[in-house]
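# Observations on the model geometry
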There are 4 protein chains.
Amino acid sequence: MKKLNIGLIGYGFMGRAHPNAFRKVNQFFDLDYQPVLKAVCARHRQKVEAFAEKWGWEGVETDWRDLVERKDIDAIDIGSPNNTHLDIALAAAAAGKIVLCEKPLARNSAEGEKMTRAVEKAGVANMVWFNYRRVPAIALARKLVEEKRLGKIFHYRAKYLQDWTISPDLPQGGAALWRLDLAVAGSGVTGDLLAHSIDTAIWLNGPIESVSAMTETFIKERKHQITGKKQPVGIDDACAFLARFANGSLATFESTRYARGRKNQNTFEINGEHASIAFDLEDPHRLQYFDHRDDPLSRGWRSIHVTDFEHPYMDHWWVPGTTIGYEHTFINALADFLASLSKKQRFRPDFRDALETQYVCDAVLKSAAKGKWEKVSQPK
Amino acid sequence: MKKLNIGLIGYGFMGRAHPNAFRKVNQFFDLDYQPVLKAVCARHRQKVEAFAEKWGWEGVETDWRDLVERKDIDAIDIGSPNNTHLDIALAAAAAGKIVLCEKPLARNSAEGEKMTRAVEKAGVANMVWFNYRRVPAIALARKLVEEKRLGKIFHYRAKYLQDWTISPDLPQGGAALWRLDLAVAGSGVTGDLLAHSIDTAIWLNGPIESVSAMTETFIKERKHQITGKKQPVGIDDACAFLARFANGSLATFESTRYARGRKNQNTFEINGEHASIAFDLEDPHRLQYFDHRDDPLSRGWRSIHVTDFEHPYMDHWWVPGTTIGYEHTFINALADFLASLSKKQRFRPDFRDALETQYVCDAVLKSAAKGKWEKVSQPK
Amino acid sequence: MKKLNIGLIGYGFMGRAHPNAFRKVNQFFDLDYQPVLKAVCARHRQKVEAFAEKWGWEGVETDWRDLVERKDIDAIDIGSPNNTHLDIALAAAAAGKIVLCEKPLARNSAEGEKMTRAVEKAGVANMVWFNYRRVPAIALARKLVEEKRLGKIFHYRAKYLQDWTISPDLPQGGAALWRLDLAVAGSGVTGDLLAHSIDTAIWLNGPIESVSAMTETFIKERKHQITGKKQPVGIDDACAFLARFANGSLATFESTRYARGRKNQNTFEINGEHASIAFDLEDPHRLQYFDHRDDPLSRGWRSIHVTDFEHPYMDHWWVPGTTIGYEHTFINALADFLASLSKKQRFRPDFRDALETQYVCDAVLKSAAKGKWEKVSQPK
Amino acid sequence: MKKLNIGLIGYGFMGRAHPNAFRKVNQFFDLDYQPVLKAVCARHRQKVEAFAEKWGWEGVETDWRDLVERKDIDAIDIGSPNNTHLDIALAAAAAGKIVLCEKPLARNSAEGEKMTRAVEKAGVANMVWFNYRRVPAIALARKLVEEKRLGKIFHYRAKYLQDWTISPDLPQGGAALWRLDLAVAGSGVTGDLLAHSIDTAIWLNGPIESVSAMTETFIKERKHQITGKKQPVGIDDACAFLARFANGSLATFESTRYARGRKNQNTFEINGEHASIAFDLEDPHRLQYFDHRDDPLSRGWRSIHVTDFEHPYMDHWWVPGTTIGYEHTFINALADFLASLSKKQRFRPDFRDALETQYVCDAVLKSAAKGKWEKVSQPK
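Read on for a plain summary of the structure. (Residues numbered from 1 in each chain as written. Chains lettered and ligands numbered in written order. Predicted model: local features only at pLDDT ≥ 70, side-chain atom pairs only at ≥ 80, totals over all residues. Heavy atoms only, no water.)

## Quick word on the interface of chain A and chain C
At the interface, 42 residues of chain A touch 42 residues of chain C. Surface buried jointly by chain A and chain C totals about 3600 Å² across both partners, of which 58% is contributed by carbon and sulfur atoms. On the surface where chain A and chain C come into contact, there are six salt bridges. Between Glu 216 of chain A and Arg 244 of chain C there is a salt bridge whose closest N-O contact spans 2.8 Å. For the interface between chain A and chain C, the tally reads 21 residue pairs in polar contact (both at pLDDT 80 or more). At the level of elements, β7 (153-161), β8 (208-216), β11 (238-245), β12 (250-256), β13 (265-272) and β14 (275-280) of chain A are the ones that each hand at least two residues to the side of chain A that touches chain C. With six residues, the single largest contributor to the side of chain A that touches chain C is β11 of chain A. Its residues assigned to classes, the side of chain A that touches chain C comprises 20 nonpolar, 13 polar and nine charged. (Contact = heavy atoms within 4.5 Å. Buried area = accessible area lost by both parts, 1.4 Å probe. Salt bridge = Lys/Arg side-chain N within 4 Å of Asp/Glu carboxyl O. Polar contact = N/O pair within 3.5 Å; in protein donor to acceptor, adjacent residues only side chain to side chain. Helix = DSSP H or I, 4+ residues; strand = E, 2+ residues; numbered from the N terminus. Nonpolar A, V, L, I, M, F, W, Y, C, P; charged D, E, K, R; others polar.)

Shown next as structure tokens:
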């Protein structure tokens, strides 16, 4: 078993999801590589040391540049806010490190292009944690699409709804709430949530060609968490867009953090000539499937309990009928990434894939700002 | 078109469901017979006249014996409380009338046997309004069973849950609440609700051989609606039983009027070697179907929206995707009954079928009283 | 009881839904008016006579102008294809008749304006059969909105999905398929399905101010049913649009007849500050409701079984737990209309309301054609 | 942090669920104790060494008696088949070890009584892995019951349905299929599945007083996995029973491995005077709750997405809207057990609780064998 020494930057929400994957992957997947929790980096020494002890990291750093320079680190995992991705990725690539990056790749495609160029020029393996591709039900959707069960695709529709920012008393910025701070996050729901929806959509249905979008910021001012001052809110609270895919299908996408009662409702539906597929992340172990070729008497939407050994990833976990949770999508992704290292194959989604999503996000925001349809740039 | 002159007894809840069927059946089904609302009978002249006018009955009677004697009546429809079924049915049969009887057939199988003998001796067409057989989804279940899609049957489970008698302030007896009065109703949930479940079960899964039951009366005393006096409650508020079918399958049945939140939840599930079926009357337009022979990747419970033209009865109604309601089960049943008159075929369920259900009810109540397993009598 | 003599034009699908309502309304609602099936009109005498006999119409006409001229007709019910609405409505209004019109009001707002002006100038009562307002669950949604349970509204999203035109072998035009013929229908899914969604949306959430739409015609040529010739398809097979409401909320609307597995899936969801509502016409007896003010432990989406006596219209029908069907939405609408006649109140939706929906449809089609945002005209 | 040295016996299915909990608990819960994977024991040295390496066990044993004797072991975790529980538990208790035991406690209550006496006499902390008590939704159900939200309880109904033994070609016995071997398992679905249902039921609704049961063995003979010989099947393939609880409520329980389409459907429903609760393990992150005290207009079954920070255990995991999986129930249980060690409190369920469940199982099997109602013994 080859050791893969990991250096993680950031210990927020993703700072738990990633090391949990590093610690568990080898008990559930047979792999050539074993991730080693070499060092974790954050600015506050005391806090990062406590974190390191809890999770079993061998050491800590307080400056990410020191981490990137370390010879005993094979891979840099970027789990810090969006505004740090560019510099870290460039430095890590330059240092010849494998780079794992939390999504979205960057605040915009200008940053994303630099990052993609950097890892490709350096020839280092790279991946972006669009973890939902590894929800077994979504992987199953991909499999059904690949098997051409749906026939010609007419429609794609996606939503990503949450409700946690409705209160005007919620501040913006700071460690916990940087997602509300435009300078740090780059955008609101578009980069945070729609990026997921778009990554899944492209994976399942191919390139998006053009979009017409609208955005809204419902709460115009919020107190800043750190400064305590009321400041204008720069992010998009909500975003919806129409789209046309290269394959001729029509799409609607929508995301908001103002949909009361929707906690993390990431949904999509695909309608094809012969069959349709629907998914809802609030019931992540189920995939809905309708096949018009079933006999007319008993035809109906099938609620597939995606927990059988035949289903993607599920032979690695428990027994049919028992579910896995949110964290397993990171473990499944990591297992695939480690396997791709062994096979020296391109892992998907990598920086290039994430850049494609970034181009869509940029076109969406531009369309919303200008009030007109926009063409989507495609990675060269 | 042959006229079929109807004389209805009773104008309560079923006094609306039946004439609604008589009035509508010919617009939606092509039949040789046209029911004519000849006369309706109830004791209170003023009320029955108002009712007759509203519904378009040609005349009224206040004594059912007079109605039964009328030469211009072809069919007697018994919509009055259970304790009246026996006498009316016997008289109607003796008068050579077709007899339609609301379920349950009678208060007990002793009465039911007399009634069955009477109509069979008289050779008159007869039917019992176990209307749920004509819910399209239940008729579809029957079709799937007949096509032997399920293979050997292992399990049958049925529930019929309501919650309308939980309040101890609800009185018993009188016009509206005779279902709580043992002398009138014959039993509680067993005759009122389980009779439905049993009729459906026998239709779908064949004869029941033995049962072990328990019953309970949660509210021991209630004021009588008419006398105003507190009286012991004689009916079973709840009843559950284990059963073995002749085909070797095991069953559980349960009914209550104390299941908070369940308004009219009549459910069943059948598990066979190859496939399973599940139904819930609170979503009457859907049938759940699981077929293990579907390919392993996309296998799942199918939610069949039973509204396609291919589905039972649905070519008579609207368009795919649009539902019919509770009242249509009576119209579908009536259409089948009228067609059976033309073809001179036995209509199912008739008195003999309902008697079979009555035998199960009797065995259930006896088992509960004695605390032991009971064999079920079978109609000879 | 006052008689209201009805003259119906057309006997297709709606030619059954309307007279069914006329025949049933008085048994289930206490009203001053009783509709009388005076005459039905269609061009083919033999067919219309057979239809009249089946449904109990007293007479027939073969030219709608003759029907409109008859002195013994109080109300003209327009159930014929969209391209006939204008002329009939104008003539009926001129003749002083009450006018009931199947939706959409017209092929476009130019026609709709003339119709609205005509009935208003004539001062005749008028209504449009946007029957879904009278689905009890939708009426309940309106009630919850009126009670201001939702707080400030952030989002509205609606879909109307069907799948019956996917086959390229389906012809266009003729009696059964005029909905696919642009000249007759005026548009495709926009007028046929989105008109329903828009009417409901305006009723629940107020005026729509601007839209950005896209449409698609997936099958470019179809054989004409009557001529047998291949002709270009002029209608929109699918249409999706973004919208902004006057109340500041954002919306997405989508409709198609190419959503495999969706038979008649008319859905909407409203997200407010405190509560959200969701509906799906494929389960028409349920309304989903989430109230954030419920205690945090037990808060969840409530699936309201809209069959209690407290729920809109349900005290007129059966008992709690039992459902009504598609046809009842017409009966409920008719009952309200007849009651409005007695009270001499404006019935909603009338021509003016339907014109407002027509303006949105026109803006949607214009936006799709031009590829840019359009303002919606508002009725003066 | 105190180390708690674990010695595990068995490495089958539970041999993965338990150590996964030992390895993860401290990253997600703040505890005084840290489990240490000291040694794992199984008969086949090579296999157990491979297992130990994969999971990070410090050492191995091949005779459980050696493990129990080791001074460096604090707690013995029994993950081996049911027929080994008695001897190991007795030896472990005698050696003064903490004892963790996979469910069911034993093959029958005679064994269970000895085990309970042993741990109580030795005064060692003990627990049984009835992990489903720690499904957050079930823990929430318990909380709602404790808060007396339901009022007087009328009904309890539970099912535990699987479908993995329908094929007659499935052998019995051996490492993987000992659950089908009567001598090893003690019983079929009763001990394996109903034990779960009963443990949950007693926890939520108190003691069970009497039962009437039936069992069935559908496949009468199966090849033995090891010997290759056809042998009679001794276990119950299916079991259903009626029950009466001490609190006066009525219950039905049912379990089978012959319910096609049900993978691991462990359900229960409780109906109380004011409110009802329903749960289905196939959607483990949801709890259904109906409260009759909600306002009549908007009252409905609430689908609680049990992922908010307020919900049991969920503040230890991810963010609202994200689910946890099957394995987390073991981690939650372990966390509670370790906390109980610190507080020197009785952990529930311990051996005594599991013995109470065992008494019910014994009464059920006896009732089925004799065909009559049986009283349930209660732990003294």
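## As for the relation of the copies chain C and chain D
If you rotate chain C by 180 degrees and push it 0.0 Å along the axis, it lands on chain D with an RMSD of 0.0 Å. A rotation of that kind, with that shift, is consistent with a two-fold axis. The position closest to the rotation axis in chain C is occupied by the C-alpha of Arg 302 of chain C, lying 2.0 Å away. Looking at the interface residues of chain C, 100% of them are also at the interface in chain D, so both copies use one shared face. (Least-squares fit on C-alpha atoms with pLDDT ≥ 70 in both.)

## Focus: unusual backbone geometry
Here the residue pair Lys 103 of chain A and Pro 104 of chain A is connected by a cis peptide bond, since its omega of -10 degrees sits within 30 degrees of zero. Within the secondary structure layout, Pro 104 of chain A lies in the loop between β5 (98-101) and α5 (109-122). The peptide bond linking Arg 348 of chain D to Pro 349 of chain D adopts the cis configuration, its omega dihedral lying at 0 degrees. In this model, Tyr 313 of chain B sits at a positive phi of 75 degrees, which is unusual for a non-glycine residue. Among the secondary structure elements, Tyr 313 of chain B is positioned in the loop between β16 (301-305) and α10 (326-343). On the basis of relative accessible area, Tyr 313 of chain B is assigned to the buried category, the value being 14%. One non-glycine residue, Lys 148 of chain D, adopts positive backbone phi at about 60 degrees. Tracing the chain through its elements places Lys 148 of chain D in the loop between α6 (136-146) and β7 (153-161). (Buried < 20%, exposed > 50% of the residue type's maximum accessible area, 1.4 Å probe, protein only.)

## Some words on the interface of chain C and chain D
Interface size is commonly expressed as the accessible area that is lost once the parts come together. With 20 residues of chain C in contact, the opposing surface of chain D contributes 20 residues. When chain C packs against chain D, close to 1600 Å² is buried across both sides, 48% of that on carbon and sulfur atoms. In terms of surface lost to chain D, no three residues of chain C exceed Leu 297, Ser 298 and Arg 302 of chain C, which account for 41% of the buried area on that side. In this structure, the connection of chain C to chain D is made through six salt bridges. Residue Asp 295 of chain C is joined to Arg 149 of chain D by a salt bridge in which the shortest nitrogen-to-oxygen separation is 2.8 Å. Put simply, chain C and chain D have ten residue pairs in polar contact (both at pLDDT 80 or more) between them.

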